[in-house]
Amino acid sequence: MSELKRPTLDEVLVGSIDTIQNMLLPNLHDTWARTAAGQLIGMLRYGRALASGDESVDSEVAELRTVITNLYAAHPHLESSVGELPSSNSENEAFIILDLSSNLLNYALKETDKATEMILSDLRPLLVSHLEASLAETSPMLMSFGGDPGDAEH
């Protein structure tokens, strides 16, 4: 006989999703209740992604810091026109670095110099990759709130 154990968080979430999909949704006839059940499934799927521990915000901020540091070293005028990097691990570091990134992209829209070339070749692709990863992580939730027919019609 196998040893009894508590279910893992992922097993609880998967069981909840399965119960909603296979037991509740087939018996819900009210449109709003079906929509809410589909949205709940999306939230649970997103919860699975969060619980998996694949948090990448710190590494993304570090990557952006490195690219901006290199941009500032190669083009010192950017720091005075766009803004200074915050100290490492400051309370609002991520927000400030994302704001600087936005300001640098805005700079690249207005200027046509060597700094612009570096912003577009180094910073922009990094930001796009971060956005794509974020979208992949949140898409189960976003799709359910947008009315993913797979869950509501299941």
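The shown structure was predicted, so the numbers you read here are calculated from the model rather than taken from an experiment.

## Examining the nonpolar core
Turning to step 1, where the next piece is worked out: Ranked by internal contacts, the top residues of the largest apolar core, which has 19 residues, are Leu71, Tyr72, Leu78, Leu104, Ile119 and Leu123.
Turning to step 2, where the next piece is worked out: Only α3 (57-74), α4 (77-82), α5 (93-110) and α6 (114-145) provide two or more residues apiece to this core.
Turning to step 3, where the next piece is worked out: Those residues within four positions of Leu78 in sequence are excluded, and the remaining contacts are Leu71, Tyr72, Gly83, Leu104, Tyr107 and Ala115.
Turning to step 4, where the next piece is worked out: Core analysis: the next-biggest nonpolar cluster, separate from the first, contains 7 residues, Leu13, Ile17, Ile20 and Ala37 among them.

## Looking at the packing of α3 against α5
Turning to step 1, where the next piece is worked out: Between α3 and α5, the shortest axis-to-axis distance is 10 Å and the interhelical angle comes to 45 degrees. Comparing the axis directions of α3 and α5 gives the class oblique. Crossing of α3 against α5: the hand is left-handed. Across from Val61, Leu64, Arg65, Ile68, Leu71 and Tyr72 in α3, the residues of α5 making contact are Glu93, Ala94, Ile97, Leu98, Leu100, Ser101 and Leu104.
Turning to step 2, where the next piece is worked out: Broken down by class, the residue content of the contact of α3 with α5 amounts to 10 nonpolar, 1 polar and 2 charged.

## With respect to a nonpolar patch on the surface
Turning to step 1, where the next piece is worked out: Nonpolar side chains collect at one region of the surface, where Leu40, Met43 and Phe145 lie side by side and expose about 280 Å² of accessible area between them.
Turning to step 2, where the next piece is worked out: Position of Phe145 relative to the elements: it lies in helix α6.

## Examining α3
Turning to step 1, where the next piece is worked out: In this model, α3 (18 residues) spans 26 Å end to end at C-alpha, consistent with the 26 Å of a helix rising 1.5 Å per residue.
Turning to step 2, where the next piece is worked out: Residues of α3 that are buried include every one of Glu60, Val61, Leu64, Arg65, Val67, Ile68, Leu71 and Tyr72, and no others.

## Thoughts on the packing of helix α1 (residues 9-24) against helix α2 (residues 31-51)
Turning to step 1, where the next piece is worked out: Running from amino to carboxyl end, α1 crosses α2 at an angle of 165 degrees, the nearest separation of the two axes being 10 Å. Here α2 runs roughly antiparallel to α1, going by the angle between their axes. Of the two possible hands of crossing, α1 and α2 adopt the one that is left-handed. Residues Leu9, Asp10, Leu13, Val14, Ser16, Ile17, Ile20 and Gln21 of α1 form the contact with α2, whose participating residues are Ala37, Leu40, Ile41, Leu44, Arg45, Gly47, Arg48 and Ala51.
Turning to step 2, where the next piece is worked out: The class makeup of the residues in the contact of α1 with α2 is 10 nonpolar, 3 polar and 3 charged.

## Details of the confidence of the model for the protein chain
Turning to step 1, where the next piece is worked out: Scored by pLDDT, the protein chain has a mean of 87; 90% of the residues are at 70 or more.
Turning to step 2, where the next piece is worked out: Within the protein chain, α5 carries the highest mean pLDDT (94), whereas helix α7 (residues 149-152) carries the lowest (48).

## Considering the pattern of salt bridges
Opposite charge on two side chains lets them pair, provided their charged atoms get close.
Turning to step 1, where the next piece is worked out: All chains considered together, the criterion is met by 4 salt bridges.
Turning to step 2, where the next piece is worked out: When the shortest N-O distance is used, the salt bridge between Asp10 and Arg48 registers 2.6 Å. Residue Asp10 is found in helix α1, and its partner Arg48 is found in helix α2; the two are separated by 38 residues along the sequence.
Turning to step 3, where the next piece is worked out: Among the residues examined, Asp10 registers a relative accessible area of 34% and is labelled partly exposed.
Turning to step 4, where the next piece is worked out: For Lys114, the salt bridge identified is with Glu117, shortest N-O distance 3.9 Å.

Cut-offs used in this document
Residues numbered from 1 in each chain as written. Predicted model: local features only at pLDDT ≥ 70, side-chain atom pairs only at ≥ 80, totals over all residues. Heavy atoms only, no water. Core = buried A, V, L, I, M, F, W, Y, C linked by side-chain atoms within 4.5 Å. Buried < 20%, exposed > 50% of the residue type's maximum accessible area, 1.4 Å probe, protein only. Helix = DSSP H or I, 4+ residues; strand = E, 2+ residues; numbered from the N terminus. Contact = heavy atoms within 4.5 Å. Axes fitted to C-alpha atoms, helices over the stretch in contact; angles between N-to-C directions. Parallel < 35°, antiparallel > 145°, perpendicular 65-115°, else oblique. Left-handed = near helix turned anticlockwise from the far one by under 90°. Nonpolar A, V, L, I, M, F, W, Y, C, P; charged D, E, K, R; others polar. Patch = residues over 30% accessible without salt bridge, like charges linked within 9 Å, V, L, I, M, F, W, Y side chains within 5 Å. Areas by Shrake-Rupley, 256 points an atom, 1.4 Å probe, with all protein chains shown as cover. Salt bridge = Lys/Arg side-chain N within 4 Å of Asp/Glu carboxyl O. Expected span 1.5 Å × (residues − 1). pLDDT = per-residue confidence, 0-100.

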